[in-house]
2 protein chains.
Amino acid sequence: MTTRARGLHTHVLESLGLAITAGEYPPGSVLRTDELAQRFDVSRTVVREVIRVLESMYLVESRRRVGVTVQPAEQWNVYDPQVIRWRLAGADRPRQLRSLTVLRSAVEPVAAGLAALRATPAQCADLTEQALGMVATSRGRQLEAYLVHDVAFHRIVLNASGNEMFARLGDVVAEVLAGRTHHQVMFPDPDPAAVTLHVRVAEAVRARDTAEAERLTREIAVGALQELDVLAP
Amino acid sequence: MTTRARGLHTHVLESLGLAITAGEYPPGSVLRTDELAQRFDVSRTVVREVIRVLESMYLVESRRRVGVTVQPAEQWNVYDPQVIRWRLAGADRPRQLRSLTVLRSAVEPVAAGLAALRATPAQCADLTEQALGMVATSRGRQLEAYLVHDVAFHRIVLNASGNEMFARLGDVVAEVLAGRTHHQVMFPDPDPAAVTLHVRVAEAVRARDTAEAERLTREIAVGALQELDVLAP
DNA sequence: GTGATTTAAAAGTCATACTTTTGTGGACCT
DNA sequence: AGGTCCACAAAAGTATGACTTTTAAATCAC
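Residues numbered from 1 in each chain as written. Chains lettered and ligands numbered in written order. Predicted model: local features only at pLDDT ≥ 70, side-chain atom pairs only at ≥ 80, totals over all residues. Heavy atoms only, no water.

Peer 1: What is the right way to look at the protein's contact with DNA strand C in this model?
Peer 2: Surveying the vicinity of DNA strand C reveals 23 residues, the closest of which are Leu8(A), Arg63(A), Arg65(A), Thr33(B) and Arg48(B). The sugar-phosphate portion of DNA strand C accounts for 71% of its atoms within 4 Å of the protein, the bases making up the rest. Contact distances for DNA strand C include 3.0 Å between a phosphate oxygen and a backbone N or O atom of Ser43(A). Here a phosphate oxygen of DNA strand C sits 3.2 Å away from a polar atom, N or O, in the side chain of Arg52(B). Put simply, the parts of the chain that give the surface near DNA strand C at least two residues each are helix H1 (8-21) and helix H3 (44-56) of chain A together with helix H2 (33-40), helix H3 (44-56) and strand E2 (60-63) of chain B. Split into classes, the residues belonging to the surface near DNA strand C amount to four nonpolar, seven polar and twelve charged. (Near = heavy atom within 4 Å. Polar contact = N/O pair within 3.5 Å; in protein donor to acceptor, adjacent residues only side chain to side chain. Helix = DSSP H or I, 4+ residues; strand = E, 2+ residues; numbered from the N terminus. Nonpolar A, V, L, I, M, F, W, Y, C, P; charged D, E, K, R; others polar.)

Shown next, in the form of structure tokens:
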């Protein structure tokens, strides 16, 4: 089973999306709907619906009389969670992971600063709880448990920022952190300095110390980037 | 003519996308495909393709036996350029403009810093050229000409950062700047301080002064946010 | 009332026929 | 040789109708 049995549409979409983002079809390649229908053994209807979706992601462009042409990577909507997943699953995972981490390093400090301004008491409490959870699981090869708290922590910060664009990056951050834990060669225990920083961010947010929350989060980001340089140069 | 005569699919997609993002269908509303087909006077085929695209944007969810349900705004893929356009054209343009500006304020300084590291000589020259163009058009009610240079300037910075995620925000920035010029009540001439800052950013990038480029761009961002607070409180 | 069973509503899939756009190649002219 | 125009055909776009599958909800049995 290549993918879940979630319908023909999903299956074809997944296969094609993965193949294209993996660079199996060089930009400019031309696909024809009939040919695809035959290849996947589905009706042209299904293929057309898939093509329309891929088109909305700027992975392909469909033109009459010529066919469906694969677009160059610069066109792709790299913010589409689906595209992100495909790319993380494919060949240029390292590049993707890096550019996402750089994005995080830009966004999260600002988000943390805003969170310090706007976080509700409940969010503050939740944040502290996750930070403590990170401390508790930071030793003894409990990477999976640590990951859960880490993801939750960053999600709360992004949500508490009150900015919808930031909030929607929660899934991206989750993917990056999960990717780091699962596919990157990683140390058996997370960096203690990073753990401490998370605790201090939680404190700064609760104390409404915008500048400090931003500064500390920036430190976390720098750490993440350095880690990436060390482990995947 | 509501939209360009670019095909039935495009027309229906545009209408529905606009309506949904405008909040005309409260979250949880249910649409039925054959009803839509009838309403737009197109075949079910066309409607289904549109639904599939809207689904990939997380604007709707299609389930058997129940129909196509409109998703709450928190689900929407707010990074999809299409969604951004729809929202900017619709009712919550102000909110959208604000959250995009906040995003810019996070991303662009970091992008400028990276650009200072990586910009090619050609990009440096181009950047300077655009900055000078901004100076030249900053007086005498030449807002349109100014806008062109402004957009070009920020696009170059984002591209020169060498990060694909940043580069793809060029269109977003263009939309925001255009929106500010066209729909916001704006001063007859741009803020002279902002113009100067752009020139200095260009200089910093050429001088490979990462920290300065980042700092100056942050100043521009702060200015943009303040402007938003003054004009659309 | 609770749980199993039937029912029907809506999306999902398929096959086919037809329309529209548009590259391409060839005829024709200069 | 080179350009213009035109007819052809290829491929996507659209429409229609029949059939399948899922599943919410109504019905029935206990």
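Peer 1: So what exactly am I meant to see when it comes to the relation of the copies chain A and chain B here?
Peer 2: Both copies of the chain are placed relative to one another by a rotation about an axis and a shift along it. Relative to chain B, chain A is turned by 180° and slid 0.0 Å along the rotation axis, the superposed coordinates differing by an RMSD of 0.1 Å. The two molecules are tied by a two-fold rotation axis, judged by turn and shift. (Least-squares fit on C-alpha atoms with pLDDT ≥ 70 in both.)

Peer 1: How should the protein's contact with DNA strand D be read in this particular structure?
Peer 2: Surrounding DNA strand D, one finds 22 residues, the nearest of these being Thr33(A), Arg48(A), Leu8(B), Ser43(B) and Arg63(B). For DNA strand D, the fraction of protein-proximal atoms (within 4 Å) that sit in sugar or phosphate groups is 70%. At 3.2 Å from a base nitrogen of DNA strand D is found a side-chain nitrogen or oxygen belonging to Arg65(A). Taking Ser43(B), its main chain carries an N or O atom lying 2.8 Å from a phosphate oxygen of DNA strand D. Tallied by class, the residues present in the surface near DNA strand D amount to four nonpolar, seven polar and eleven charged.

Peer 1: Please explain the environment of Asn163(B) as it appears in this structure.
Peer 2: Mapped onto the secondary structure, Asn163(B) falls in the loop between helix H7 (143-160) and helix H8 (164-167). Its relative accessible area of 5% is what places Asn163(B) among the buried residues. Along the backbone, Asn163(B) and Gln142(B) are 21 residues apart, and their C-alpha atoms lie at a distance of 32 Å. Beyond its immediate chain neighbours, meaning those up to four positions away, Asn163(B) contacts Ser99(A), Val102(A), Leu103(A) and Leu158(B). (Buried < 20%, exposed > 50% of the residue type's maximum accessible area, 1.4 Å probe, protein only. Contact = heavy atoms within 4.5 Å.)

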